[in-house]
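Analysis of the macromolecular model
Given next are the chains, with one letter for each unit.
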Amino acid sequence: MEIIGTVTTGLGKAAYFLGQDFYKNQFKEKLGFIPYPGTLNIIVEDDLLENIKQMKNNCPNIIKPDQEFGAVKYISAILENQVSGAIVFPAKTVHDENYLEFIAEDNLRDKLNLSDGDKVSLDIKI
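Summary of the structure given here. (Residues numbered from 1 in each chain as written. Predicted model: local features only at pLDDT ≥ 70, side-chain atom pairs only at ≥ 80, totals over all residues. Heavy atoms only, no water.)

Details of the nonpolar core
Note the following rule: In this description, a nonpolar core means a group of buried Ala, Val, Leu, Ile, Met, Phe, Trp, Tyr and Cys residues linked to one another through side-chain atoms lying within 4.5 Å. Here's how the labels work: a residue is buried when its accessible area is under 20% of the maximum for its type, exposed when over 50%, partly exposed in between, all with a 1.4 Å probe on protein chains only. Counting from the N terminus, the helices are DSSP H or I runs at least four residues long and the strands are E runs at least two residues long.
Ranked by size, the top nonpolar core spans 24 residues in total, and within it Ile42, Leu79, Leu100 and Phe102 carry the most contacts. Within the residue set of this core, elements represented by two or more residues are strand E1 (2-8), strand E2 (40-44), helix H3 (49-57), strand E4 (72-79), strand E5 (83-90), strand E6 (99-103) and strand E7 (119-124). Core analysis: the second largest hydrophobic core is formed by 13 residues, Phe27, Leu31, Val72 and Ala86 among them.

Things to note about the pairing of E5
For clarity, the threshold we go by: We call two strands paired when DSSP finds no fewer than two bridges between them.
With respect to burial, E5 is a largely interior element, six of its eight residues being buried. In this structure, E4 lies alongside E5, joined through eight bridges in antiparallel fashion. Paired with Ser76 across the strands is Ala86, a residue of E5. Where E4 folds back on E5, the antiparallel hairpin that results is connected by three residues, among which Glu80 adopts a positive phi of roughly 55°. As judged from the three bridges shared by E5 and E6, these two strands associate in the antiparallel manner.

Some points on the environment of Asn107
To be explicit about the condition: Distance and chemistry together define a polar contact, namely a pair of N or O atoms within 3.5 Å, with one atom able to donate a hydrogen and the other to accept it when in protein, and with adjacent residues in sequence counting only for side-chain atoms on both sides.
Mapped onto the elements of the fold, Asn107 is located in the loop between E6 and helix H4 (108-111). For the pair Asn107 and Thr39, spaced 68 residues apart in sequence, the C-alpha to C-alpha distance is 8.5 Å. Engagement of the side chain of Asn107 in a polar contact is seen with the backbone nitrogen of Arg109, the distance being 3.1 Å.

A short note on the packing of aromatic side chains
We apply this condition: Ring geometry is summarised as follows: Phe, Tyr and Trp rings, the Trp one being its six-membered ring, pair when their centres sit within 6.5 Å, and such pairs are stacked at plane angles under 30 degrees, edge-to-face over 60 and tilted between the two.
Throughout the structure, instances matching the rule amount to two aromatic pairs. A ring pair is formed by Phe22 and Tyr23, whose centres lie 5.3 Å apart and whose planes are at 65°; its orientation type is edge-to-face. Considering the side-chain rings of Phe27 and Tyr74, the 6.2 Å spacing of their centres and the 75° angle between planes classify their relative orientation as edge-to-face. With a gap of 47 residues between them, Phe27 in helix H2 (residues 21-31) and Tyr74 in strand E4 connect regions that are remote in the sequence. Overall, Tyr74 belongs to the buried group, its relative accessible area being 7%.

Things to note about H2
Under the convention used in this document: The directions from the helix axis to the C-beta atoms are what the arc is built from. Whether two residues are in contact is decided by their heavy atoms, any of which lying within 4.5 Å being enough.
Residues of H2 that are buried include every one of Tyr23, Gln26, Phe27 and Leu31, and no others. Seen end-on, H2 carries its buried residues on one side only, within an arc spanning 100°. In this structure, H2 carries Asp21, Asn25 and Glu29 as exposed residues pointing more than 90 degrees from its buried face. Where the residues of H2 are buried, they touch helix H1 (14-18), strand E3 (62-63), E4, E5 and E6. Gly32 occupies a position one or two residues after H2 and carries a positive phi of about 85°.

Structure representation (structure tokens):
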């Protein structure tokens, strides 16, 4: 499944969570990489919301919570046909449903020279 969305600035909270050893270790074990401490936030069109809800609700991949942290569902994806990573669905989030958060090993804004407003594609491995 391919999704096109628009890069936007997030709230900056993902850096704290992705910097926690628990999450780093789990993502390394399950996805094969330690994510850069931050997510690439992508806004998708409303007509994709039903597909995204189904994808999230049917996602079998989950990192169980540790201490006060919440669970995170994830789905492998490729950004711009270049960067392997995953879309993450944190159980505790303040983002609207049309927000996707993509993680990868690198700082994606730097690696792909991305700015707010840029269109990007995600190839989701369902």
